[in-house]
Amino acid sequence: MKFRKAPLARIALACLLATAGASHAQQATYKIAYIDPLSGPFANVGELMLMHTQYAIEDINAKGGVLGGTKLQLLQFDSKLSAQESQSALQAAIDQGAKAIVTGGSGSSVVTALVQSVARWNQRNPGKELIVLNHSSIDPEMTGKACSFWHFQTEANTAMKMKALANYIKKTPDVKKVYLLNQDYAHGKQWASYGRQLVGLARPDIQFVGETLHPIGRVKDFAPYIANVKQSGADSVITGNWGQDMTLLLKAAGDAGYNLRYFNHSAGSVPGTVTAVSQAKLGQLTWVAEWHPGEADTPKVDALAKAYKAKTGKDFLAPRIDMTPRLLAAAIDKAGSTDTVKVARALEDLTFDSVVGPVRMRGEDHQLLLPQVVNTIAPVDGKTVKTGWEGTNYGFRTDAVYTGNELAQGTECKMVRP
């Protein structure tokens, strides 16, 4: 059999079509890099956040992805709670083609450094920009003086959360003497500062009887710190501690027989906190989040939590983390493009019908306005607390609910846009 030679024009066309097909294949996925602690003392926090992120991305893909078929792909990196490690992870993410970073569980100082690095990269590499979606680092400076066009905050910031707690403390007369005990880094210092400022404004009669900062993630026994709190005569502690720093603090107070009240930003959403309260058998831990397990009249979250548990075998705890990639997907579809600048502009002032109700990404500073629920870890009583958590007879009692608009603060952000 003889084969006829194909004309050169036909060969060139075939090569062109093959090249176009390869290019389309390369754009068939939109890569998102997850950068948070997956080892060390806060690994359980990082794993929780990763699972929430993974679930949302898999759900988005199962429903067709974005732009009528583009799938989201999640790349995983361990920040090791280190700014330096996060920089290495960022470079690896860039090398692998990531266009968005999801982070927040590494602490505000680490996330701030990450945002600054992204901004520098974007300036030097037009057309290859990335954006950062931050679901848990709540330093108000990140949407204030240090705001960046490339950074979007999907959690209520420190000032918003403390305003919610201050509003609640205003109606809680048995809080009289407060000690400020916090981790020695940006967030811990700010939680103490906003506590003194906003709680003091709401309740001028409250006495602040002491203040201490301790190393983050390195204290094995909080007994000496509890001894100082007890000596001050405090009945309450404002603490921004999270992860093992919170559970070990609760243990030390329980061992000392000290029945304290604690006011915190998100402790109940971290695995092990409810167990620590139940084991201490003393203390009331009040915290604030967009939702808490067992909250009444939240059918959309309840359905999501049930589906999440069925697929992962784990408890659902943080709607905002699940919401973060969904906001990104909505912005990509709104932009009609995966171009980072267009996606960022589409995120600005985006209103999204989330499982906790409508939320809005404020365009002027990229702060998401979402509801906050003040709640306390308390024994099941069949009335205010109907369901136990973590295999204990302790759950969550709703104390107050505030909208994002009620808690919104002014901003010093002067956004520089490309």
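Residues numbered from 1 in each chain as written. Predicted model: local features only at pLDDT ≥ 70, side-chain atom pairs only at ≥ 80, totals over all residues. Heavy atoms only, no water.

The protein chain appears in an unreviewed UniProt entry as Branched-chain amino acid ABC transporter substrate-binding protein from Variovorax gossypii. UniProt annotates the protein chain under Sequence similarities (unreviewed entry) with the comment "Belongs to the leucine-binding protein family." (UniProt positions renumbered as here; feature names shortened; annotations may be inferred.)

### Section: the environment of valine 355
Within the secondary structure, valine 355 is located in the loop between β11 (351–354) and β12 (357–362). Of the residues examined, valine 355 reaches a relative accessible area of 26% and is grouped as partly exposed. Once the C-alpha coordinates of valine 355 and lysine 300 are considered, the two residues, 55 residues apart in sequence, prove to be 5.1 Å apart. Once residues lying within four places of it in the same chain are set aside, the contact partners of valine 355 are Lys300, Val301, Leu304 and Pro319. (Helix = DSSP H or I, 4+ residues; strand = E, 2+ residues; numbered from the N terminus. Buried < 20%, exposed > 50% of the residue type's maximum accessible area, 1.4 Å probe, protein only. Contact = heavy atoms within 4.5 Å.)

### Some words on the sheet that holds strand β14 (residues 372–379)
Overall, mixed pairing links the seven strands, which are arranged β7-β6-β8-β9-β10-β14-β15 in an open sheet. A strand with exactly one partner marks an edge of an open sheet, and here the two such strands are β7 (207–214) and β15 (394–402). Looking at each pair of strands side by side, their axes are set apart by 25 degrees on average, direction ignored. Examined bridge by bridge, strand β6 (residues 177–183) and strand β8 (residues 236–238) share three bridges and lie parallel to one another. (Pairing = 2+ DSSP bridges. Axes fitted to C-alpha atoms, helices over the stretch in contact; angles between N-to-C directions.)

### Re the nonpolar core
Membership of the largest hydrophobic core comes to 96 residues, with the highest contact counts inside it found for Ile32, Ile101, Ile131 and Leu328. In terms of residue count, helix α5 (residues 158–169) provides more of this core than any other element does, eight residues in total. Once you skip the residues sitting within four places of it in the chain, isoleucine 101 turns out to touch Ala33, Ile35, Leu90, Ala93, Leu114, Leu130, Ile131, Val132 and Leu133. (Core = buried A, V, L, I, M, F, W, Y, C linked by side-chain atoms within 4.5 Å.)

### Structural notes on the packing of helix α2 (residues 43–62) against helix α10 (residues 299–312)
Closest axis-to-axis distance for the α2/α10 pair is 11 Å, and the angle between their directions is 100 degrees. Between α2 and α10, the crossing angle belongs to the class labelled roughly perpendicular. Where α2 abuts α10, its residues Leu48, Met51, His52, Tyr55 and Glu58 lie against Leu304, Ala307, Tyr308, Lys311 and Thr312. Taken together, the residues of the contact of α2 with α10 sort by class into six nonpolar, two polar and two charged. (Parallel < 35°, antiparallel > 145°, perpendicular 65-115°, else oblique. Nonpolar A, V, L, I, M, F, W, Y, C, P; charged D, E, K, R; others polar.)

### Observations concerning the UniProt feature "domain: Leucine-binding protein" (unreviewed entry) in the protein chain
Under the local residue numbering, the UniProt record ascribes the feature "domain: Leucine-binding protein" (unreviewed entry) to residues 29–368. Regarding residues 29–368, the helix share stands at 44% and the strand share at 19%, and the terminal C-alpha atoms are separated by 26 Å.

### Digging into the side chain of glutamate 129
Within the secondary structure, glutamate 129 sits in the loop between α4 (108–124) and β4 (131–134). The charged side chain of glutamate 129 is buried without a salt bridge, its nearest counter-charge being lysine 99 at 7.4 Å. Reaching out from glutamate 129, the side chain makes a polar contact with the backbone nitrogen of glycine 127 at a distance of 3.0 Å. In this structure, glutamate 129 is in contact with Lys99, Asn122, Trp150, Thr340 and Val341, ignoring residues within four places of it in sequence. (Lys, Arg positive; Asp, Glu negative; His and termini not counted. Salt bridge = Lys/Arg side-chain N within 4 Å of Asp/Glu carboxyl O. Polar contact = N/O pair within 3.5 Å; in protein donor to acceptor, adjacent residues only side chain to side chain.)

### With respect to the pattern of salt bridges
One pass over the structure, following the stated rule, counts 19 salt bridges. With a shortest N-O distance of 3.2 Å, lysine 161 and glutamate 155 are connected by a salt bridge. The residue glutamate 290 makes a salt bridge to arginine 320 at a minimum N-O spacing of 3.6 Å. Residue glutamate 290 is located in the loop between β10 (284–289) and α10, and its partner arginine 320 is located in helix α11 (residues 319–335); the two are separated by 30 residues in the primary sequence.

### Focus: helix α12 (residues 340–347)
A large share of α12 lies buried, amounting to six of its eight residues. Among all positions in α12, only Thr340, Val341, Val343, Ala344, Ala346 and Leu347 are buried. Against β4, β5 (151–153), α11 and β12 lie the buried residues of α12. Capping the start of α12 is the job of one residue whose side-chain oxygen sits 3.3 Å from the backbone nitrogen of valine 341: aspartate 339. Following α12 by one or two positions, aspartate 349 has its phi on the positive side, about 65 degrees.

### Focus on the domain arrangement of the protein chain
Per the domain assignment, the segments of the protein chain are domain 1 (29–156 + 299–370) and domain 2 (159–289 + 371–406). A separation of 27 Å is found between the C-alpha centroids of domain 1 and domain 2. Counting from both sides, the interface comprises 25 residues of domain 1 and, opposite them, 26 residues of domain 2. Taking both partners together, domain 1 and domain 2 bury about 2,000 Å²; carbon and sulfur atoms supply 68% of that area. The largest contributions to the domain 1 side of the interface with domain 2 come from Phe42, Leu317 and Leu370, which together make up 26% of the buried area. Connecting domain 1 to domain 2 are two residue pairs in polar contact (both at pLDDT 80 or more). Mapped onto the side of domain 1 that touches domain 2, the elements with two or more residues apiece are α2, α4 and β13 (367–369). Looking at the side of domain 1 that touches domain 2 residue by residue, the classes come out as 15 nonpolar, six polar and four charged. (Domains from an automatic or database assignment. Buried area = accessible area lost by both parts, 1.4 Å probe.)

### Here's the deal with the state of the cysteines
The tally for this structure, following the rule as stated, stands at one disulfide. Two residues, cysteine 147 and cysteine 413, share a disulfide whose sulfurs are 2.1 Å apart. Taking the sign of the S-S torsion, about 80 degrees here, the bridge from cysteine 147 to cysteine 413 comes out right-handed. Of this pair, cysteine 147 sits in the loop between β4 and β5 while cysteine 413 sits in the segment after α13 (404–407); the two residues are 266 residues apart in sequence, bridging distant segments of the chain. By relative accessible area, cysteine 413 is classed as buried at 13%. (Disulfide = S-S within 2.5 Å.)

### A short note on empty space enclosed by the protein
Sizing a probe to match a water molecule and rolling it over the atoms shows the empty space that remains. Applying the stated rule across the entire model yields one cavity of 30 Å³ or more. Among the secondary structure elements, those contributing two or more residues to the lining of the largest cavity are α2 and α11. It is α2 that provides the largest number of residues to the lining of the largest cavity, a total of three residues. Residue classes in the lining of the largest cavity are distributed as nine nonpolar, ten polar and three charged. Residue assignment places the lining of the largest cavity across two domains, with domain 1 (29–156 + 299–370) and domain 2 (159–289 + 371–406) each supplying three or more. (1 Å grid on protein atoms, 1.4 Å probe; cavity = no way out; pocket = protein on both sides within 12 Å on 5 of 7 lines; lining within 4 Å. Points joined across faces, edges and corners; volume = space filled by probe spheres on them.)

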